[in-house]
Amino acid sequence: AFLAPGKPVSLKLTTVTSYAASSDDADSVSRPITGQTIKIHVSNGKVFTLKEVSEGMYESAATELVIFGLTYTLDFEYKGLPVSAITSIPTRPTGFALSRNVIYRTQIDLSSGTTGGFRPPSGEDRSPIEATWNNPTSDYHFVAFINTETNPTPITILPAETTQSPFARRFNNEPTTASSSSIMPQTFQYFGKHYAVLYRLNADYAALYKSTGTTTQNISTPPTAITNGLGVFTGVNADTLI
């Protein structure tokens with residue numbers, strides 16, 4: 001769960017794949033956990049009871065919104081064990097700016113299936129966009145770009161028979177304690193308008209993000225701030241540009 005000011009609480013609950021499970025073991029596949037009674041205790045005395053809106057997805061009521069300056073405690077029981085976590089909402093980022101708000105890309109047509117020897121269009125602008133913000137206390141931030149078009153036009157046209165998944169309409173950089181980040185124009189996969197969202201994070205989310213390099217040759221338990229659980233229950237705050 002990522003708790004943000006002005007938004008209901010939304011939480012995804014699943015089992016965890018066991019390292020020791022065989023391919024035919026029930027624990028070898030992550031599954032949604034359904035039918036739970038999940039409560040969020042707020043430091044102002046209120047209690048949000050999350051309703052299951054789909055398998056493994058739980059949400060607070062539309063009127064139960066996260067507020068900056070309060071702490072939120074997750075509390076439920078699963079198989080006889082209490083599962084709990086606590087988080088606070090960081091302050092909103094300030095001073096967010098982009099060095100420019102328009103970039104130009106040339107559409108690349110690979111629909112014929114001939115990709116051998118492909119070269120990017122000559123003369124295309126490759127100078128990065130610089131995102132900057134205020135960060136005197138070296139808090140963690142990352143920048144995400146989200147395409148806002150209803151039916152966006154892809155920059156690269158793939159062959160019709162391709163098995164490649166559709167391009168992501170959202171991408172982000174790694175969490176950083178710096179006050180700036182560079183975004184290359186070639187990272188964008190669609191034409192059209194985008195939101196640029198600067199997130200301020202708690203350290204627990206940054207630690208979880210850094211742990212995603214775990215492989216089968218280097219298995220380790222991911223960092224977590226959840227008692228009797230793994231994952232993330234953390235507060236975020238954001239500022240948005242277009």
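Above this note sits the structure.
Residues numbered from 1 in each chain as written. Predicted model: local features only at pLDDT ≥ 70, side-chain atom pairs only at ≥ 80, totals over all residues. Heavy atoms only, no water.

Caption draft 1: Spatial organisation of the side chain of Asn147. Residue position: Asn147 is located in strand β11 (residues 140-147). In contact with Asn147, not counting residues within four places along its chain, are Pro152, Arg169, Tyr190, Phe191, Gly192, Lys193 and His194. (Helix = DSSP H or I, 4+ residues; strand = E, 2+ residues; numbered from the N terminus. Contact = heavy atoms within 4.5 Å.)

Caption draft 2: View of the nonpolar core. In terms of nonpolar packing, the biggest core is built from 22 residues, with Leu11, Tyr72 and Phe233 touching the most fellow members. The set of elements that each furnish at least two residues to this core consists of β3 (38-42), β4 (47-54), β6 (71-78) and β7 (81-88). Residues Phe96, Ala131, Phe171 and Leu198 belong to the second largest nonpolar core, which totals 12 residues. (Core = buried A, V, L, I, M, F, W, Y, C linked by side-chain atoms within 4.5 Å. Buried < 20%, exposed > 50% of the residue type's maximum accessible area, 1.4 Å probe, protein only.)

Caption draft 3: Highlighting the pattern of salt bridges. What the rule picks out here adds up to two salt bridges. The salt bridge involving Arg200 is made with Asp139; its shortest N-O contact spans 4.0 Å. Residue Arg200 is found in strand β15 (residues 194-201), and its partner Asp139 is found in the loop between β10 (129-132) and β11; the two are separated by 61 residues along the sequence. Using a relative accessible area of 28% as the deciding quantity, one classes Asp139 as partly exposed. (Salt bridge = Lys/Arg side-chain N within 4 Å of Asp/Glu carboxyl O.)

Caption draft 4: Expanded view of empty space enclosed by the protein. For the structure shown, the criterion picks out one cavity of 30 Å³ or more. The calculated volume of the largest cavity comes to roughly 30 Å³. Here the residues of the lining of the largest cavity sort into four nonpolar, three polar and two charged. (1 Å grid on protein atoms, 1.4 Å probe; cavity = no way out; pocket = protein on both sides within 12 Å on 5 of 7 lines; lining within 4 Å. Points joined across faces, edges and corners; volume = space filled by probe spheres on them. Nonpolar A, V, L, I, M, F, W, Y, C, P; charged D, E, K, R; others polar.)

Caption draft 5: Here's a closer look at the packing of aromatic side chains. What the rule picks out here adds up to five aromatic pairs. Considering the side-chain rings of Phe48 and Tyr72, the 6.3 Å spacing of their centres and the 50° angle between planes classify their relative orientation as tilted. Of this pair, Phe48 sits in strand β4 while Tyr72 sits in strand β6, placing them 24 residues apart in sequence. Judged by its relative accessible area of 5%, Phe48 falls in the buried class. Overall, the relative accessible area of 0% leaves Tyr72 in the buried class. Note on Phe171 and Phe188: the rings are 5.1 Å apart at their centroids and 90° apart in plane angle, and the pair reads as edge-to-face. Of this pair, Phe171 sits in strand β13 (residues 170-172) while Phe188 sits in the loop between β14 (180-183) and β15, and the two are 17 residues apart along the sequence. Take Phe171 and Phe188: they sit in the same class, and that class is buried. An aromatic cluster is present here, built from Phe145, Phe171 and Phe188 joined pairwise through their rings. (Phe/Tyr/Trp six-rings, centres within 6.5 Å; stacked < 30°, edge-to-face > 60°.)

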